[in-house]
Amino acid sequence: MNKFYITTPIYYVNDRPHIGHAYTTCAADVLARWHKAKGEKTFFLTGTDEHGIKVQQAADKSGKNVQDFVDENAQTFKDAWQKLNVQYDNFLRTTDEKHIKAVQAAVQALYDKGFIYKGQYEGLYCVSCEQYKFEDDLIDGKCREHNEKPVLMKEESYFFKLSQFEKILEEKISSDELKIEPPERKNEVLTFLKSGLKDISISRKNVKWGISLPFESSQTIYVWIDAFLNYLTGLGWDGENKIPPTPPLKRGEGWGDFWPPDVQLMSKDILRVHATIWTALLLALELPLPKEIYVHGYFTIGSQKMSKSMGNVIWPEDLVQKFGGDGARYLIMSSLAWGQDGDVTRERFTEKYNADLANGLGNLISRVAKLSQNAKIKNQNDSAKLKNDKIQKLFGELKFKEILDEIWGQIAWANKYIEEKKLWELVKSDPEEGKKVLGELLGLISEIGEELAPFMPATSEKIKEILASGKIELLFPRF
Ligand code: MSP
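Here the structure is a predicted model, which is why all the values come from computation and not from measurement. Here, residues in each chain are numbered from 1, in the same order as that chain's written sequence. Thresholds applied to this predicted model are a pLDDT of at least 70 for local features of residues and 80 or more for the giving and counting of side-chain atom pairs; totals over whole chains, interfaces and linings are not thresholded and use all residues. No hydrogens and no water enter the side-chain calculation; it runs on all heavy atoms of the structure.

(A) Expanded view of the overall build of the protein. What counts as a helix is a DSSP run of H or I of at least four residues, what counts as a strand is a run of E of at least two, and both are numbered from the N terminus. Scanning the protein from N- to C-terminus turns up 16 helices and 18 strands. Taking 2.2 N^0.38 as the reference for a compact globule, 479 residues should give roughly 23 Å; the C-alpha atoms of the protein span a radius of gyration of 25 Å, in line with that estimate. Note on classification: 1.4 Å probe, protein chains only; a residue is buried when its accessible area is under 20% of the maximum for its type, exposed when over 50%, partly exposed between these limits. Here the protein holds 479 residues, and 58% of them are scored as buried. Two residues form a contact once any of their heavy atoms are found within 4.5 Å. Relative to all contacts within the protein whose residues are 6 or more apart in sequence, the contacts with residues 24 or more apart total 77%. In these tables, accessible area is a Shrake-Rupley quantity obtained with a 1.4 Å probe, and a residue counts as shielded only by the protein chains included in the view. When the accessible surface of the protein is totalled, it reaches about 20,800 Å², and 49% of it is carbon and sulfur. We count Lys and Arg on the positive side and Asp and Glu on the negative side, and we leave His and both chain ends out. We put the charge of a Lys on NZ, of an Arg on CZ, of an Asp on CG and of a Glu on CD. For the protein, the distance from the average position of its 65 positive side-chain charges to the average position of its 70 negative side-chain charges is 3 Å. The atom set for the radius of gyration is the C-alpha atoms, and the globule formula is 2.2 Å times the number of residues raised to the power 0.38.

(B) Inspection of the packing of helix 11 (residues 346–375) against helix 15 (residues 431–452) at higher detail. One way to put it is that helix 11 packs onto helix 15 with a least axis distance of 10 Å and a crossing angle of 140 degrees. Classed by the angle they form, the pair helix 11 and helix 15 counts as oblique. Crossing handedness for the pair helix 11 and helix 15: left-handed. Contact with helix 11, carried on its side by Leu-361, Leu-364, Ile-365, Val-368, Leu-371, Ser-372 and Ala-375, involves Lys-435, Leu-438, Leu-441, Leu-442, Ile-445, Ile-448 and Leu-452 of helix 15 and no other residues of that element. For this scheme, ten residues count as nonpolar: Ala, Val, Leu, Ile, Met, Phe, Trp, Tyr, Cys and Pro. Four count as charged, namely Asp, Glu, Lys and Arg, and the remainder, Gly too, count as polar. The residue inventory of the contact of helix 11 with helix 15, partitioned by class, reads 12 nonpolar, one polar and one charged. In this analysis an axis means a line fitted to C-alpha atoms, helices contributing only their contacting stretch, and an angle means the value between N-to-C directions, from 0 to 180 degrees. Orientation is classified from the angle alone, with under 35 degrees giving roughly parallel, over 145 giving roughly antiparallel, 65 to 115 giving roughly perpendicular, and any other angle giving oblique. Throughout, a crossing is termed right-handed when the near helix is turned clockwise from the far one, and left-handed when it is turned anticlockwise from it by less than a right angle.

(C) View of the sheet that holds strand 13 (residues 216–221). The antiparallel open sheet is built from three strands, whose spatial order is 11-13-12. Of all the strands in the sheet, just strand 11 (203–204) and strand 12 (212–213) have a single pairing partner and so form its edges. In terms of strand pairing, strand 12 meets strand 13 through two bridges, oriented antiparallel. Pairing of Leu-213 across the sheet is with Glu-216, part of strand 13. Whether two strands pair comes down to DSSP finding at least two bridges between them.

(D) Main features of the environment of Asn-388. Of note, Asn-388 is situated in the loop between helix 11 and helix 12 (389–396). Along the sequence, Asn-388 and Glu-451 sit 63 residues apart, while their C-alpha atoms lie 8.3 Å from each other. Leaving out residues up to four positions away in the same chain, Asn-388 has contacts with Glu-406, Gln-410 and Glu-451. In protein, a polar contact requires one atom able to donate a hydrogen and another able to accept it; more generally it is a pair of N or O atoms within 3.5 Å, and residues adjacent in sequence count only if both atoms are side-chain atoms. Of the polar contacts made by the side chain of Asn-388, one reaches the backbone nitrogen of Ile-391; its length is 3.1 Å.

(E) The arrangement of the side chain of Lys-3 in detail. Mapped onto the fold, Lys-3 is located in strand 1 (residues 3–12). There is a polar contact of 2.7 Å between the side chain of Lys-3 and the side chain of Asp-262. Contact partners of Lys-3, with chain neighbours within four places excluded, come to Lys-41, Asp-257, Phe-258, Trp-259, Pro-260, Asp-262 and Lys-291.

(F) View of the site of the ligand. We call a residue near a molecule or strand as soon as one heavy atom of that residue lies within 4 Å of the molecule or strand. The environment of the ligand is made up of 26 residues, and the closest members are Ile-10, Thr-24, Asp-49, Asp-269 and Met-306. Between the ligand and Asp-269, the relevant distance is 2.8 Å, taken from an oxygen atom to a side-chain nitrogen or oxygen of the residue. Between the ligand and Phe-299 there is a distance of 2.9 Å, counted from a nitrogen atom to a backbone nitrogen or oxygen. Of all elements in the fold, only strand 1, helix 1 (19–37), helix 7 (223–228), helix 8 (230–233) and strand 14 (263–267) reach the threshold of two or more residues within the shell around the ligand. Grouping the amino acids of the shell around the ligand by side-chain chemistry returns 13 nonpolar, nine polar and four charged.

(G) How the structure looks around the confidence of the model for the protein. On a range of 0 to 100, pLDDT expresses the predictor's confidence in each residue. The predicted model of the protein has a mean per-residue pLDDT of 93, with 96% of residues at 70 or higher. Counting contacts from residues 245–249, a segment whose pLDDT is below 50, to residues more than four positions away or on other chains yields five contacts.

(H) Representation of the environment of Ile-293 in the model. Considering the arrangement of structural elements, one finds Ile-293 in strand 15 (residues 292–296). Between the C-alpha atoms of Ile-293 and Lys-370, which are 77 residues apart in sequence, the distance is 46 Å. Setting aside residues no more than four positions away along its own chain, Ile-293 makes contact with Leu-178, Lys-179, Ile-180, Glu-181, Gln-264, Met-266, Leu-271 and His-274.

(I) Focus on the pairing of strand 4 (residues 116–126). Alignment of strand 4 against strand 8 (residues 151–160), held across 10 bridges, turns out to be antiparallel. Directly across from Tyr-125, in strand 8, lies its bridge partner Val-151. One ladder, built from three bridges, connects strand 4 with strand 5 (residues 131–133); its direction is antiparallel. Bridge pairing in strand 5 links Cys-126 to Gln-131. Once strand 4 ends, the chain turns through four residues before running back antiparallel as strand 5, passing Glu-130 with a positive phi of about 55 degrees.

(J) Unusual backbone geometry, seen in detail. Following Glu-181, the chain continues to Pro-182 via a peptide bond in cis, the omega torsion being -10 degrees. Residue Pro-260 is reached from Trp-259 by a cis peptide bond, and omega for that bond is 0 degrees. Turning to its location among the elements, Pro-260 is positioned in the loop between helix 8 and strand 14. Residue Asp-140 is not a glycine yet carries a positive backbone phi of 50 degrees. On the basis of relative accessible area, Asp-140 is assigned to the exposed category, the value being 74%.

(K) Fine view of the state of the cysteines. For the purposes of this analysis, a disulfide is any pair of cysteine sulfur atoms at a distance within 2.5 Å. For the coordinates displayed, the defined rule picks out zero disulfides. Cys-126 forms no disulfide, and the closest cysteine sulfur to it belongs to Cys-129, at a distance of 3.7 Å. Owing to a relative accessible area of 1%, Cys-126 belongs among the buried residues under this scheme.

(L) Seen up close, helix 6 (residues 183–194). Every helix has an expected span of 1.5 Å times one less than the residues it contains. Under the 1.5 Å per step criterion, the end-to-end length of helix 6 is 16 Å for 12 residues, consistent within 8% with the ideal 16 Å. What helix 6 keeps buried is the set Arg-185, Lys-186, Val-189, Leu-190, Phe-192 and Leu-193. All buried residues of helix 6 fall inside an arc of 160 degrees around its axis, so they share one side. More than 90 degrees from the buried face of helix 6, the exposed residues found are Thr-191 and Lys-194. As for helix 6, its buried residues are in contact with helix 5 (166–174), strand 9 (179–181), helix 9 (271–284) and strand 15. Among the residues trailing helix 6, Gly-196 stands out with phi positive, at a value near 100 degrees. The directions from the helix axis to the C-beta atoms are what the arc is built from.

(M) Main features of the sheet that holds strand 4. Pairing is antiparallel across the open sheet formed by four strands, whose spatial order is 5-4-8-10. Edge positions in the sheet fall to strand 5 and strand 10 (200–201), since each has one partner strand and no second. Relative to strand 10, strand 8 runs antiparallel, the two being bridged by two bridges. Directly across from Phe-160, in strand 10, lies its bridge partner Ile-200.

And the structure:
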C-alpha cells in the first residue's frame, strides 16, 4: 500500500494564525484528504514553533508568563484549524516533553558524530526571521522580509558543519532526488548553494526560552534546529538516528512507516533554510531526505507580504464567520495560483464568494434540487466515484487552483445548460425530456460533490444528503 506523509511548517506562536498560515494548512489538508480517500496510508503533520527570542519577546510584551502565553496561542491555531475543517493526524508543539528529549538526543548524536564544534559567533541576526543575516540579505541595512534592522550578535556558540554538505546538496537538488517546485524556486536554491554554505551557529547563550544544549546546559539550541526536528518527532521519532526494525509497525505506532515526507509545503520565506540546514541535518543523521518541497507564494495586501510583523492581516476566523468553514477554505485555496503572490482584500473575497459559491455552485444545486423535487426524480448515480481523469492528474501534480478552475468550469457549464434548455419550462412542456436533462444534471452534481470533497468536505456531504433526500437546503447565502 502506498504511504503519504505531508507536513506544513510549524508556525510561531507569537500571535494567532492569519490566512497565510491557513493557506499552507488547508493545502496540506486537501492533499491529505485526497490521499486518504484513495485508501493510502496517510499522515498529515502540523504544529507550532514555540521557542526562541521572537516568541519570548511577544510573551514579555503581553505581560504573561511564557508558557501560559504559548499555551494560549497554540490553542488559537488548533481552534482555527478546527473551524476550517482541517483534519491533521498530529499537532506537534515544540514545548512538548517528548519533542524536547528527542531534540536533545539528536543534537547529542550530531555532536558525537563530530558535526558540532565550539566557536565564536559574530554577525547580524533578524529576530523576526529568527535567522542569521549576511550583508547581501539586507536592503538599506534592513531585513528584506521584515523591513527591520538586524541586531549585532557576538557570543560564544556551537557550530554545525553545514559547509561540508554543499556539494552533496547541490547534487541531490539538481538531480531532483530532492525535488523543489516550482522550478524558479529550485534555481534560487541552486544559485544560493553555488555561492557557498557557511557553518552555522546552532546554540545561543543569551536565549533562555529554548531547549538546553545536552552537552552544555548554559546554552540553548537554536530555534530552527529545534523546529526542523518536529518533522521527525511529530511521527513519534525519539532521537535515535536509525530506521526502525521490520516488520512494519502499524499506523501511528512507527515513524519509519512514514519517513521520509512525500511533500513538505511552505512559502518562499523559509525555503532556503529548509533546503540547506534541514536537509544537511538529515544527511548528518543518516536519514533519507524529503522527496519534495513544494513552495507557494504570499498573500499580499497592497503588494506587501501579509504578516504578523507587518500588522496587515486578515484572520481566518473572520472569513469562517462570514462564509462558513468550507467557504473560507474555498476562498483561501482559490485566490492564488500556486507559487504566485497575490493581493487579497475582504471585498474581493466577498465578490468571489457571491460569484462562485452563492451564484455558481449554490444556485446550481438549489435549482436542480427544486426542479427534481417537483418532477419527483432522484439521482440514479448514487455511488459517484471520482471519474474525471483530468482532475485526478491535476491532483497528482498538486495543482490546486487548476482543479478548482476545472470544477467551476463544470458548474458554469451546468448553469448555462439549464438556461439554454429553459429547464423550468421544459419540465412542464416536455416532461420526458425534462427528466432526462435533470437526470444528467443530478449525475453531474454528484460527481462535482465528489471532486469537491477534499476542498469542501462539509459541503460535499451536504450535496450527498440533498441528492439522497431531495430536501433543499440553502448552501451559500448571498451577501
Ligand atoms: N516557525 C517557522 C517555521 C519552522 S518549520 C520547521 C516559521 N513560522 S511562521 O509562523 O513564520 O510561518 C511561516 C509560514 O507561514 C510560511 O512559510 C507559509 O507557509 C505561511 N505564511 C506566512 N505568511 C504568509 C503569507 N503572507 N502568505 C502565504 N503564506 C504565508 O517560519
